[in-house]
Amino acid sequence: MNNWQLCYIGLGSNLEDPYQQVSSALEELAALPDCRAHAHSRLYRSDPVGPPGQPDYVNAVACFETTLEPLALLDALQAIEQAHQRVRIQHWGPRTLDLDLLLYGNQVIENERLTVPHAFMKERSFVLYPLADLAPDTTLPDGTELAELLKDCPQGTLEPINQ
């Protein structure tokens, strides 16, 4: 019998019509086999993290249930990135689409391919605020409450996109 796991996926894009890249990816996530889509956050505009001179990002967080194992889900996410012509040239460089597995149930996963909860999610407003749109009462596997993380992570220039 398959166990359904509640998952949160961070989405980001800053190349080739980022709004459309993220919107399309949300539809593709909802269509993944062995997954049941629940909801997604508003879309946000955020300043880039990483090398200077990049365009702004469009970010969101999606929530769904899956029976896929974590690495199989990671493979599915990377296949969607590839379909969006994702090229990995520069660490934290510009990209057509970035899909990050933020949370997989209440599991802690650490291996050479995957770290869950996502390694940087606690310090990134473009992850925490969209996650709060969906699940403001979230508690991470280590017991940290999302509300506490938000207190220490100012929204800064992060802003919802009105479309």
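So, here is what we can say about the structure in this document.

The rules behind these values
- Residues numbered from 1 in each chain as written.
- Predicted model: local features only at pLDDT ≥ 70, side-chain atom pairs only at ≥ 80, totals over all residues.
- Heavy atoms only, no water.
- Core = buried A, V, L, I, M, F, W, Y, C linked by side-chain atoms within 4.5 Å.
- Buried < 20%, exposed > 50% of the residue type's maximum accessible area, 1.4 Å probe, protein only.
- Helix = DSSP H or I, 4+ residues; strand = E, 2+ residues; numbered from the N terminus.
- Contact = heavy atoms within 4.5 Å.
- Phe/Tyr/Trp six-rings, centres within 6.5 Å; stacked < 30°, edge-to-face > 60°.
- Lys NZ or Arg CZ within 6 Å of the ring centre and 35° of its normal.
- Pairing = 2+ DSSP bridges.
- Polar contact = N/O pair within 3.5 Å; in protein donor to acceptor, adjacent residues only side chain to side chain.
- Salt bridge = Lys/Arg side-chain N within 4 Å of Asp/Glu carboxyl O.

All right, on to the nonpolar core then. Membership of the largest hydrophobic core comes to 27 residues, with the highest contact counts inside it found for Leu 11, Leu 29, Leu 73, Leu 99 and Leu 101. At the level of secondary structure, the elements contributing two or more residues to this core comprise strand E1 (5-13), helix H1 (18-30), strand E4 (57-66), helix H2 (70-83) and strand E5 (98-104). The element best represented in this core is H2, accounting for five residues. In this view, Leu 29 contacts Ile 9, Leu 11, Ala 62, Phe 64, Leu 77 and Ile 80; residues no more than four positions away in its chain are not counted. In terms of nonpolar packing, the next biggest core, distinct from the first, is built from 20 residues, Leu 102, Leu 103, Leu 140 and Leu 158 among them.

For the rest of this paragraph, the subject is the packing of aromatic side chains. Within this structure, the stated rule accounts for zero aromatic pairs. Arg 36 extends its terminal NZ or CZ atom over the ring of Trp 4, reaching a point 3.6 Å from the ring centre.

Moving on, we come to the pairing of E1. Here is the key point about a regular strand: its side chains alternate between the two faces of the sheet. Extensive coverage of E1 is indicated by the burial of eight of its nine residues. For E1 and E4, the ladder comprises nine bridges, and the chain directions are antiparallel. Among the inter-strand pairings, Gly 10 is bridged to a residue of E4, identified as Val 61. Examined bridge by bridge, E1 and E5 share six bridges and lie antiparallel to one another. Opposite Leu 11, over in E5, you have Leu 99 as the bridge partner.

Positionally, Arg 45 belongs in strand E3 (residues 44-46). A polar side-chain atom of Arg 45 sits 3.0 Å from a polar atom in the side chain of Asp 47. Within the structure, Arg 45 has its side chain in polar contact with the backbone oxygen of Thr 157 (distance 2.5 Å). Not counting residues up to four positions away in its chain, the partners in contact with Arg 45 are Asp 56, Tyr 57, Thr 157, Leu 158, Glu 159 and Ile 161.

Charged atoms that come close allow side chains of opposite charge to pair. What the rule picks out here adds up to nine salt bridges. In this structure, the salt-bridge partner of Lys 151 is Glu 148, at a minimum N-O distance of 3.1 Å. You can see Lys 151 and its partner Glu 148 sitting in helix H4 (residues 146-151), three residues apart, about one turn around the helix. Among the ionic contacts, a cluster of salt bridges with common partners joins Arg 45, Asp 47, Asp 56 and Glu 159.

To continue, consider the side chain of Ser 13. Locating Ser 13 in the fold gives a position in strand E1. A polar contact is formed between the side chain of Ser 13 and the backbone oxygen of Thr 96, at a distance of 2.5 Å. Once residues within four sequence positions are removed from consideration, Ser 13 is found in contact with Pro 18, Gln 21, Val 22, Asp 56, Tyr 57, Val 58, Arg 95, Thr 96 and Leu 97.

Another aspect to go through is the environment of Leu 97. Among the structural elements, Leu 97 can be located in the loop between H2 and E5. Leu 97 gets classed as buried once you look at its relative accessible area, which sits at 0%. Separated by 62 residues in the primary sequence, Leu 97 and Glu 159 place their C-alpha atoms 19 Å from one another.

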